[in-house]
Amino acid sequence: LERGRGIPLMTRDEAIAEMNRPDEEKYERVELDQARVGTIVSFGRYEQDGDDANGPEPIEWIILTQFGNRALLLSRDCLDAQYFNDDFGSAPWESCSLRSWLNDAFLKAAFTEEEQARIFATTNANTMADGYPGLPANSNPTTDRVFLLSYKELTAFAGTITIPGATAYAEA
């Protein structure tokens, strides 16, 4: 990291301490209408503790960036375990089973119709410029409501996010 670029530098020990600091100390929890970058909001519900008897738990999201009335959210925890592609073959994002699951089964399970109406569709380029060097040159853009961060986005936000842990449900 270079000094003078607006990125605070820290020692290796400081970085390790920051990574190990509980999220409760890193992020402020706010209501959705008060959301700003770096805060946590609850939006939607999904099974997380592995106990179906008590119903799905609220999903906590970290606000990564905002633009106008839109925000890019990252779930605080890994909510489920799904294959990228069910047949284990190579597939671009546009035709993989994970994309279908996120934008159909997960979307319907985690969000009410009212909540779904608040989730904007986003067009993702899915190009080598997004940090996918293995993609074929003819990868097609996709329009998704739920998607994974691109490698480019993940590296851009690397200093502001912690890699999510898995919920008990996702680990089962």
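Each value, and the rule that gives it
- Residues numbered from 1 in each chain as written.
- Predicted model: local features only at pLDDT ≥ 70, side-chain atom pairs only at ≥ 80, totals over all residues.
- Heavy atoms only, no water.
- Helix = DSSP H or I, 4+ residues; strand = E, 2+ residues; numbered from the N terminus.
- Areas by Shrake-Rupley, 256 points an atom, 1.4 Å probe, with all protein chains shown as cover.
- Buried < 20%, exposed > 50% of the residue type's maximum accessible area, 1.4 Å probe, protein only.
- Lys, Arg positive; Asp, Glu negative; His and termini not counted.
- Salt bridge = Lys/Arg side-chain N within 4 Å of Asp/Glu carboxyl O.
- Polar contact = N/O pair within 3.5 Å; in protein donor to acceptor, adjacent residues only side chain to side chain.
- Contact = heavy atoms within 4.5 Å.
- Pairing = 2+ DSSP bridges.
- Phe/Tyr/Trp six-rings, centres within 6.5 Å; stacked < 30°, edge-to-face > 60°.
- Lys NZ or Arg CZ within 6 Å of the ring centre and 35° of its normal.

> Just to check I follow, could you spell out the overall build of the chain for this structure?
A count of helices and strands for the chain gives six helices and eight strands. The order of α-helices and β-strands along the chain, N terminus first, is α-α-β-β-β-β-β-α-α-β-β-α-β-α. If you sum the accessible surface of the chain, you get close to 11100 Å²; carbon and sulfur atoms cover 52% of it.

> Please explain the side chain of E57 as it appears in this structure.
Residue position: E57 is located in strand β3 (residues 57-67). Here E57 sits buried without a salt bridge, and the closest side chain of opposite charge, R45, lies 6.4 Å off (N-O distance). Here D49 takes part through its backbone nitrogen, which lies 3.3 Å from a polar atom of the side chain of E57. Residues within four places of E57 in sequence aside, it is in contact with G44, R45, Y46, E47, Q48 and D49.

> Where do I start with the pairing of strand β4 (residues 70-75) in this structure?
In summary, the side chains of a regular strand alternate between the two faces of the sheet. Where β3 lies against β4, six bridges are found, and the strand directions are antiparallel. Following the sheet pairing, T65 is matched in β4 by L72. Connecting the antiparallel pair β3 and β4 is a turn made up of two residues, with G68 showing a positive phi of about 60 degrees.

> Just checking my understanding: could you explain the packing of aromatic side chains for this structure?
Each aromatic ring pair is characterised by the separation of its centres together with the angle its planes make. Enumeration according to the criterion identifies eight aromatic pairs in this entry. Consider the rings of Y46 and Y169, whose centres lie 5.8 Å apart with planes at 85 degrees: the pair is edge-to-face. Of this pair, Y46 sits in strand β2 (residues 39-46) while Y169 is found in helix α6 (residues 168-171), placing the two residues 123 residues apart along the sequence. Using a relative accessible area of 9% as the deciding quantity, one classes Y46 as buried. Members of the aromatic cluster, connected to one another through ring pairs, are F43, Y46, W61, W101, F106, F111 and Y169. Sitting over the ring of F120, R70 keeps its end group 3.9 Å from the ring centre.

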